[in-house]
Amino acid sequence: MKTNRRCRALLAVSLNLMALLFSTTAFITTHWCEGTQRVPKPSCGKEKKTNCLNYGGNETANETNQNVVHYSWETGDDRFLFRYFHTGIWYSCEENINAAGEKCRSFIDLAPASEKGVLWLSVVSEVLYIMLLVVGFSLMCLELFHSSSVIDGLKLNAFAAVFTVLSGLLGMVAHMMYTQVFQVTVSLGPEDWRPHSWDYGWSFCLAWGSFTCCMAASVTTLNSYTKTVIEFRHKRKIFEQGFREEQNFLDEEAIKYFRERTEEERAEAGDLRLQCLHSCSPN
């Protein structure tokens, strides 16, 4: 019993730790959603010769004179570039088409004003999710390594299960709220940011993987608590049944003893009565 209980506790701690690592990584990374954005090609210049619009003529003069009308034979999608972008809770980073590297902006500033409250609520829920995971992990470690008795261990187990379930529910709500905010931002966000195509990234997968591990840890903890309680009740029932049978056996032995003792006393009293009658009768 003790070995099985310890194995279940180790499994719950491992799942909780995985959930904590996954959620923290997803919270600080910027790959919840990723895709491409369609942006106009920049004008060709001295430093940029590819993926640009060449209007012909004197490039230097065209660059200095803003009143010159530019003409290009490129039409349709040939006039645009598809740059890669990835977005997280805090930042949205885009490929820099004019230089190497990326440029990032705050996703909170990109979200529409009607969705900023929902986004901040999602951020607060994510923070609470991680904090409750830390509390549940700490209680599980205390139950595993420092519980002095089985009763104390059961109490810690129950509290750890409650905190883990609450954290899982908060995490689920936070992920769904962020998804809603992102989809609204895709439709109503700034023109220079709106994606041409997008999909969920590895940070989003980590976030839901964290939720899965969290719920698995809570189920394992509740299962351990329930099994331990059932085993204790079963052992208590067996003990009470054995005690009752032993008590009944002792009662029967006592009744038999007193019955035999009573019969012996009656026999002795009868003998004394006969002796008294013989001694008191005339010759």
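See the structure printed just above.
Residues numbered from 1 in each chain as written. Predicted model: local features only at pLDDT ≥ 70, side-chain atom pairs only at ≥ 80, totals over all residues. Heavy atoms only, no water.

Novice: I keep staring at the pattern of salt bridges and nothing clicks. Help me out?
Specialist: Opposite charge on two side chains permits them to pair, given that their charged atoms come into close proximity. Here the structure, examined in full by the defined rule, presents four salt bridges. One salt bridge connects arginine 105 with aspartate 192, and the closest N-O pair in it is separated by 3.2 Å. With arginine 105 in strand E4 (residues 102–106) and aspartate 192 in the loop between helix H5 (150–188) and strand E5 (197–200), this residue pair connects regions lying 87 residues apart in the sequence. Measuring nitrogen to oxygen at the nearest pair gives 3.4 Å for the salt bridge that ties glutamate 191 to arginine 194. By relative accessible area, glutamate 191 is classed as exposed at 64%. Taking relative accessible area as the criterion, arginine 194 reaches 29% and is therefore assigned partly exposed. (Salt bridge = Lys/Arg side-chain N within 4 Å of Asp/Glu carboxyl O. Helix = DSSP H or I, 4+ residues; strand = E, 2+ residues; numbered from the N terminus. Buried < 20%, exposed > 50% of the residue type's maximum accessible area, 1.4 Å probe, protein only.)

Novice: I'm lost on the pairing of strand E3 (residues 91–95) in this one. Help?
Specialist: Strand residues, when the strand is regular, have side chains that alternate between the two faces of the sheet. In terms of strand pairing, E3 meets E4 through five bridges, oriented antiparallel. Looking at E4, one finds that glutamate 95 is bridged to glutamate 102. Hairpin connection between E3 and E4: a loop of six residues separates the two successive antiparallel strands, and glycine 101 in this loop has a positive phi of roughly 95°. (Pairing = 2+ DSSP bridges.)

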